[in-house]
Amino acid sequence: MSCNSVDFHFCPCCGGRLETQRRGDRDRLACRECHRVLYVNPAVGVAVVVRRGDAILWGQRAGGPYEGAWCIPCGYVEWGEEVRAAAAREFLEETGLVVEVGPVLAVHSNFHDPERLTVGIWFAGLVTGGVLQAGDDLAAVEFFPVAAEPSPLAFPTDSLVAAELREGKAGLIPDSVL
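The model shown is predicted, which means the values in this text are computed figures rather than measured ones.

This paragraph deals with the pairing of strand 2 (residues 26–31). Along a regular strand, successive side chains alternate from one face of the sheet to the other. In terms of strand pairing, strand 1 (residues 18–23) meets strand 2 through six bridges, oriented antiparallel. The residue of strand 2 that forms the bridge with L18 is C31. Hairpin connection, strand 1 to strand 2: the antiparallel pair is bridged by two residues, and G24 has positive phi, about 65 degrees. Bridging between strand 2 and strand 3 (residues 37–38) involves two bridges; their strand directions are antiparallel. Residue A30 lies in a different strand from strand 3, and its bridge partner there is V37. From the end of strand 2 to the start of strand 3, which pair antiparallel, there are five residues, and H35 there has a positive phi angle of about 70 degrees.

This is the structure:
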């Protein structure tokens, strides 16, 4: 059974039967009993881009479908969590480093996994403490030159961000001394 809400048959609020109804310009799932619309929205992901000289910190995925592939350290925003706090928390969990989360570098929609659509927000970051070590979902963390990101990449949107960094956005990231 799919965990994707577009495949739900019963309302998560009251348990009533869901049916497809035309709402505005879209077909939506709505409950026959409580009449609530089940909106299918992407999750929000956050990433922090840290620079050391002309290199960016990348993490190698430890497991799952992207095992062995590289990504900018990232994770999900929890319910009720502020996005910058989530970015700092995820970065600490994955890299062992404490960061000051700076300005937004990029925002992209992620469609690579049709079961788990996300909107990603990449922030500039400055390391303020901690010890660099892979943790949580990562098997390794390593700096790679801005001009040559690691391969393979786990997420196509990281390729977009890497291109934006090469085109000059890397200069917006403060230099972290580790």
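Here T118 lies in strand 9 (residues 118–130). At 2.7 Å, the side chain of T118 forms a polar contact with the side chain of N110.

Another aspect to go through is the environment of E115. Tracing the chain through its elements places E115 in the loop between strand 8 (97–110) and strand 9. For the pair E115 and P42, spaced 73 residues apart in the sequence, the C-alpha separation amounts to 9.8 Å.

Moving on to the nonpolar core. Grouped together as the largest cluster of nonpolar side chains are 39 residues, with contacts concentrated most on V49, V50 and L165. When contributions to this core are tallied by element, the ones reaching two or more residues are strand 4 (43–52), strand 5 (55–61), strand 6 (70–71), helix 1 (83–95), strand 8, strand 9, strand 10 (138–145) and helix 2 (156–166). Other than its neighbours up to four places away in sequence, L165 contacts V49, I56, L105, V146, A170 and I173. By size, the runner-up hydrophobic cluster in this structure holds five residues, among which are C11, L18, L29 and L38.

All chains considered together, the criterion is met by nine salt bridges. Between E149 and R166 there is a salt bridge, and its shortest N-O distance comes to 2.6 Å. Of the two residues, E149 is situated in the loop between strand 10 and helix 2 and R166 in helix 2; the sequence distance between them amounts to 17 residues. A salt bridge links E164 to K169, with the nearest nitrogen and oxygen atoms 3.5 Å apart. Exposure remark for K169: the relative accessible area of 28% places this residue in the partly exposed category. Among the ionic contacts, a cluster of salt bridges with common partners joins E81, R89, E90 and E93.

Each value, and the rule that gives it
Residues numbered from 1 in each chain as written. Predicted model: local features only at pLDDT ≥ 70, side-chain atom pairs only at ≥ 80, totals over all residues. Heavy atoms only, no water. Pairing = 2+ DSSP bridges. Helix = DSSP H or I, 4+ residues; strand = E, 2+ residues; numbered from the N terminus. Polar contact = N/O pair within 3.5 Å; in protein donor to acceptor, adjacent residues only side chain to side chain. Core = buried A, V, L, I, M, F, W, Y, C linked by side-chain atoms within 4.5 Å. Buried < 20%, exposed > 50% of the residue type's maximum accessible area, 1.4 Å probe, protein only. Contact = heavy atoms within 4.5 Å. Salt bridge = Lys/Arg side-chain N within 4 Å of Asp/Glu carboxyl O.

The values reported here are purely geometric and, on their own, carry no functional implication.
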